[in-house]
Amino acid sequence: LNRYQYLYGDFWVSGFALTGVISFQQNFQAKDSDVILATLPKSGTTWLKAIVYSIINRKICSLDNSPLNTTNVHDLVPFLDCKVYLNGQNPDLSGIPPPRVFTTHVPYPSLPESIKSTTCRIVYLCRNPFDSFVSLWHFHTRARPKDLEPISLEDCFDMFCAGASGFGPFWDHFLGFWKESLKNPKKVLFLTYEDMQMDNKLQMKRLADFLGYPFVENEEKEGIIDKISKFCSFESMRELQPNKSGNKRGGHFDVSSFFRKGEVGDWMNYLTPSMADRLKKVVDEKLGGSGLNLKLLC
Ligand code: A3P
């Protein structure tokens, strides 16, 4: 079961996460004060977790004393599907002090009803599928059980373009959250990895405002936004002890594999011109007319 992707309803799920997804859908009771971070795998989830955690907790602890220095971010801001409810668990989460911050890869239409009916907030981080594909392929190559044949870039790409990648098709995942963010901007904030790379400070301000933790003038003068931005940067996070090789996330993945290159445009080093054309056609066909424009380079 653990080795394959399964088409569950209208999205794909890795075998290891399937029972977790179902238990999450059936049991999670959102609260109005909850913050849900939603992403496709390899979209910069780890980065978003660190930023949101640091924004929300900045009054409680300085960055020097941040639990991020000693605890892996995936434990501080856990995945509901791939950790909290993993293997069908159903823990009591009611005692966690607000705001509870969780993460999920589940597409918008398949989220538990309570997430939609409460005033809890959703932050969606979208990454261009060219880079997220390359990131995914590296991750699969690293995480794939050793007794399975390695998956070639070409085979993985065929599946990706057909929509068969974890929690995909990627276009449906994007569109579910994109449309909801247009309909209900107080409910869903739609961010992109590329904008975060291009203007991290501006995106952090948008995030802080959306979450109800806006940066005040004094903080701006003290340069707190810059400090959080630097603290959560790829180079800084990768060097923190809890993100070093040897630590496992949810017993599955070595946490260091969540830090590879952290760039926009690395796809150019992996996709041939014809592969790039093919993916561009998929993007144009599936996202054309939605108003969602993806940056492929910064
Ligand atoms: P690359 O493989 O392209 O380097 P996720 O956290 O959703 O699994 O995404 C992992 C991707 O985000 C990887 O992309 C990883 O290097 C990148 N990443 C991790 N931490 C980051 C950070 N602090 N800033 C920018 N990118 C980061």
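Our subject is the structure that appears above.
Figured I'd write up the structure that's included with this text. (Residues numbered from 1 in each chain as written. Predicted model: local features only at pLDDT ≥ 70, side-chain atom pairs only at ≥ 80, totals over all residues. Heavy atoms only, no water.)

Here the focus is the packing of helix 2 (residues 45–56) against helix 10 (residues 200–211). Closest axis-to-axis distance for the helix 2/helix 10 pair is 10 Å, and the angle between their directions is 60°. Classified by the angle between their axes, helix 2 and helix 10 sit oblique to one another. The chirality of how helix 2 crosses helix 10 is right-handed. In this structure, helix 2 uses Trp 47, Leu 48, Ile 51, Val 52, Ile 55 and Ile 56 to contact helix 10, whose residues at the interface are Asn 200, Met 204, Leu 207, Ala 208 and Leu 211. (Axes fitted to C-alpha atoms, helices over the stretch in contact; angles between N-to-C directions. Helix = DSSP H or I, 4+ residues; strand = E, 2+ residues; numbered from the N terminus. Parallel < 35°, antiparallel > 145°, perpendicular 65-115°, else oblique. Left-handed = near helix turned anticlockwise from the far one by under 90°. Contact = heavy atoms within 4.5 Å.)

All right, on to the sheet that holds strand 6 (residues 188–192) then. If you walk across this open sheet you meet the 4 strands as 4-3-5-6, and the pairing is parallel. Looking at the sheet topology across the chains shown, the edges are occupied by strand 4 (101–104) and strand 6. With direction set aside, neighbouring strand axes in the sheet form an average angle of 20°. Summarising the sheet, strand 3 (residues 35–39) and strand 4 pair through 4 bridges and their orientation is parallel. Looking at strand 4, one finds that Ile 36 is bridged to Phe 102. (Pairing = 2+ DSSP bridges.)

Let us now look at the site of the ligand. Lining the immediate surroundings of the ligand are 18 residues, of which Lys 42, Thr 45, Thr 46, Ser 135 and Lys 261 lie closest. Contact distances for the ligand include 2.5 Å between an oxygen atom and a side-chain N or O atom of Thr 45. Here an oxygen atom of the ligand sits 2.7 Å away from a polar atom, N or O, in the main chain of Gly 262. Contact with the protein chains removes 97% of the 570 Å² of surface that the ligand exposes when unbound. Looking at the shell around the ligand, the elements that each hand over two or more residues are helix 2 and helix 9 (193–198). Residue contributions to the shell around the ligand peak at 3 residues, all from helix 2. Looking at the shell around the ligand, its residues break down into 6 nonpolar, 8 polar and 4 charged. (Near = heavy atom within 4 Å. Polar contact = N/O pair within 3.5 Å; in protein donor to acceptor, adjacent residues only side chain to side chain. Areas by Shrake-Rupley, 256 points an atom, 1.4 Å probe, with all protein chains shown as cover. Nonpolar A, V, L, I, M, F, W, Y, C, P; charged D, E, K, R; others polar.)

Any functional reading would require information beyond the geometric quantities listed.
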